[in-house]
Amino acid sequence: MQLIDFDSLFQEKLGSYIQKHKGEFTEGEWEDKIVELYQQFIEMPLESIQNSPREYFRQKGTTELVALLKTYVTENIVVPDVLLDALAKTGYNLEIAALLVEENEVLQNYAIDLLQADKRIIQSYFYILKNRQYSVAVKANIATQLEKVATKLIQPLYKLLHTDGQEYAIELLIKAGERTEKLYNTVVEGYRMGENKLLYLKFLGDLGDTRALEFLYNDIANEEIGYILFKEMKYTIEKLGGSYDILRNFSLDEDYKRIQLANKMEEELRKQKQTEGQNNG
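Report on the accompanying structure.

Focus: the overall build of the protein
Point 1. Secondary structure assignment for the protein yields 16 helices and zero strands.
Point 2. Computed over its C-alpha atoms, the radius of gyration of the protein comes to 26 Å, more than 25% above the 19 Å expected for a compact globule of 281 residues.
Point 3. When its C-alpha atoms are laid out on the principal axes, the protein stretches across 70 × 60 × 30 Å.
Point 4. For the protein, the share of sequence-separated contacts (at least 6 apart) that also reach a separation of at least 24 residues comes to 57%.
Point 5. If you sum the accessible surface of the protein, you get close to 17,100 Å²; carbon and sulfur atoms cover 49% of it.
Point 6. Taking the average place of the 34 positive charges on the side chains of the protein and the average place of its 46 negative ones, the gap between the two points comes to 4 Å.

See the structure below:
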């Protein structure tokens, strides 16, 4: 199977163009020009394939396109946009869906991007969300796709609660407008278990149920909690309409010290750039 590194071909032509037209465009103009040149490149016949890159892929069947995608990924060569465009035009098919069971996260994500929220792949998505062998990145990509149709998936999403896909189900249910007692109790239970307290604090804030204020006021008063958890609790309390103004000394907290140092360095960099700008002006 012929594998052509179209990205390298374009970069070569782009480099020659930049050298030839050095100093003719501003940085912003160059950005637009590069897009324009790329569009010309994918429509321009290349001697090596006797065709344009777009037409080269357009003429291939689904089986060959999927095989090419797998080869580009496994050979660590940039996947051409025109290959993905050609695959997208094939619509839902089992050959693309089969990429979800490849032991390659990149291929799995390409499959999700191509299949999007097609109703024929939803059941497979739910399987993946509760399966530990799939990465967080793959599951997050699926959740992004499911968000488009979450209001049509309410009951299946509730069935994901109390599985390894629970946190994705909660997020999607909240975004779909669900505010049931079952959902609230599941979020409170997840928060109290403490395995991912920061995420469940976000869920509590998004749910908007002020009953959570009672235990949040009690928890934030615990002087053993760290700076980051304290800040997230305070933010959630405020999001729910409450307030907490008692000051706390976190000078010995490692997270607090790292954040303060980062803020100081950022401020010094800002001042340095400001000074350089004044001197140049």
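Focus on helix 11 (residues 166-175)
Point 1. Within helix 11, seven of the ten residues are buried, leaving the element largely enclosed by the surrounding structure.
Point 2. Looking one or two residues past helix 11, Gly 177 carries a phi angle of roughly 95 degrees, positive in sign.

Focus on the packing of helix 13 (residues 197-207) against helix 15 (residues 227-239)
Point 1. Orientation of helix 13 relative to helix 15, taken along the N-to-C sense of each, is 10 degrees, at an axis distance of 9 Å. It follows from the interaxial angle that helix 13 and helix 15 lie roughly parallel. Across from Lys 197, Leu 198, Leu 201, Leu 204, Gly 205 and Asp 206 in helix 13, the residues of helix 15 making contact are Ile 228, Leu 229, Glu 232, Met 233, Thr 236 and Lys 239.
Point 2. Taken together, the residues that form the contact of helix 13 with helix 15 break down as six nonpolar, two polar and four charged.

A short note on the packing of aromatic side chains
Point 1. Using the criterion set out here, one finds 14 aromatic pairs in the structure.
Point 2. When the centroid spacing of 5.5 Å and the interplanar angle of 35 degrees are considered together, the rings of Tyr 191 and Phe 215 count as tilted. Here Tyr 191 is found in helix 12 (residues 181-193), whereas its partner Phe 215 is found in helix 14 (residues 212-220), with 24 residues between them in sequence.
Point 3. Judged by relative accessible area, Phe 215 falls into the buried class, the value being 11%.
Point 4. Between Tyr 227 and Tyr 256 the ring centres are 4.9 Å apart and the planes differ by 75 degrees, which places this aromatic pair in the edge-to-face class. Separated by 29 residues along the polypeptide, Tyr 227 in helix 15 and Tyr 256 in helix 16 (residues 254-280) bring together distant segments of the chain.
Point 5. By relative accessible area, which is 24% here, Tyr 256 ends up partly exposed.

A short note on a negative patch on the surface
Point 1. Judged by side-chain charge, Glu 27, Glu 29, Glu 31 and Asp 32 come together as a negatively charged surface patch.
Point 2. By the secondary structure assignment, Glu 31 is in helix 2 (residues 27-43).

Regarding a nonpolar patch on the surface
Point 1. Together, Leu 198, Ile 228 and Ile 259 make up a nonpolar patch on the protein surface, roughly 200 Å² of accessible area in all.
Point 2. Summarising the element assignment, Ile 228 is placed in helix 15.

So, the environment of Tyr 38
Point 1. For Tyr 38, the position within the fold is in helix 2.
Point 2. Between the alpha carbons of Tyr 38 and Leu 201 there is a distance of 45 Å; along the sequence they are 163 residues apart.
Point 3. For Tyr 38, the contacting residues outside a window of four places in its chain are Phe 10 and Asp 81.

As for unusual backbone geometry
Point 1. Phi at Gln 50 takes a positive value of approximately 55 degrees, unusual for a residue other than glycine.
Point 2. Topologically, Gln 50 is positioned in the loop between helix 2 and helix 3 (53-58).
Point 3. For Gln 50, a relative accessible area of 65% puts it in the exposed group.
Point 4. Positive phi, normally seen in glycine, also occurs at Asn 76, with a value near 60 degrees.
Point 5. When you line up the elements, Asn 76 lands in the loop between helix 4 (62-74) and helix 5 (81-88).

Re the side chain of Gln 166
Point 1. Locating Gln 166 in the fold gives a position in helix 11.
Point 2. The exposure class assigned to Gln 166 is buried, which follows from its relative accessible area of 11%.

About the criteria used
- Residues numbered from 1 in each chain as written.
- Predicted model: local features only at pLDDT ≥ 70, side-chain atom pairs only at ≥ 80, totals over all residues.
- Heavy atoms only, no water.
- Helix = DSSP H or I, 4+ residues; strand = E, 2+ residues; numbered from the N terminus.
- Rg over C-alpha atoms; globule rule 2.2 N^0.38 Å.
- Contact = heavy atoms within 4.5 Å.
- Areas by Shrake-Rupley, 256 points an atom, 1.4 Å probe, with all protein chains shown as cover.
- Lys, Arg positive; Asp, Glu negative; His and termini not counted.
- Charge placed at Lys NZ, Arg CZ, Asp CG, Glu CD.
- Buried < 20%, exposed > 50% of the residue type's maximum accessible area, 1.4 Å probe, protein only.
- Axes fitted to C-alpha atoms, helices over the stretch in contact; angles between N-to-C directions.
- Parallel < 35°, antiparallel > 145°, perpendicular 65-115°, else oblique.
- Nonpolar A, V, L, I, M, F, W, Y, C, P; charged D, E, K, R; others polar.
- Phe/Tyr/Trp six-rings, centres within 6.5 Å; stacked < 30°, edge-to-face > 60°.
- Patch = residues over 30% accessible without salt bridge, like charges linked within 9 Å, V, L, I, M, F, W, Y side chains within 5 Å.
- Salt bridge = Lys/Arg side-chain N within 4 Å of Asp/Glu carboxyl O.

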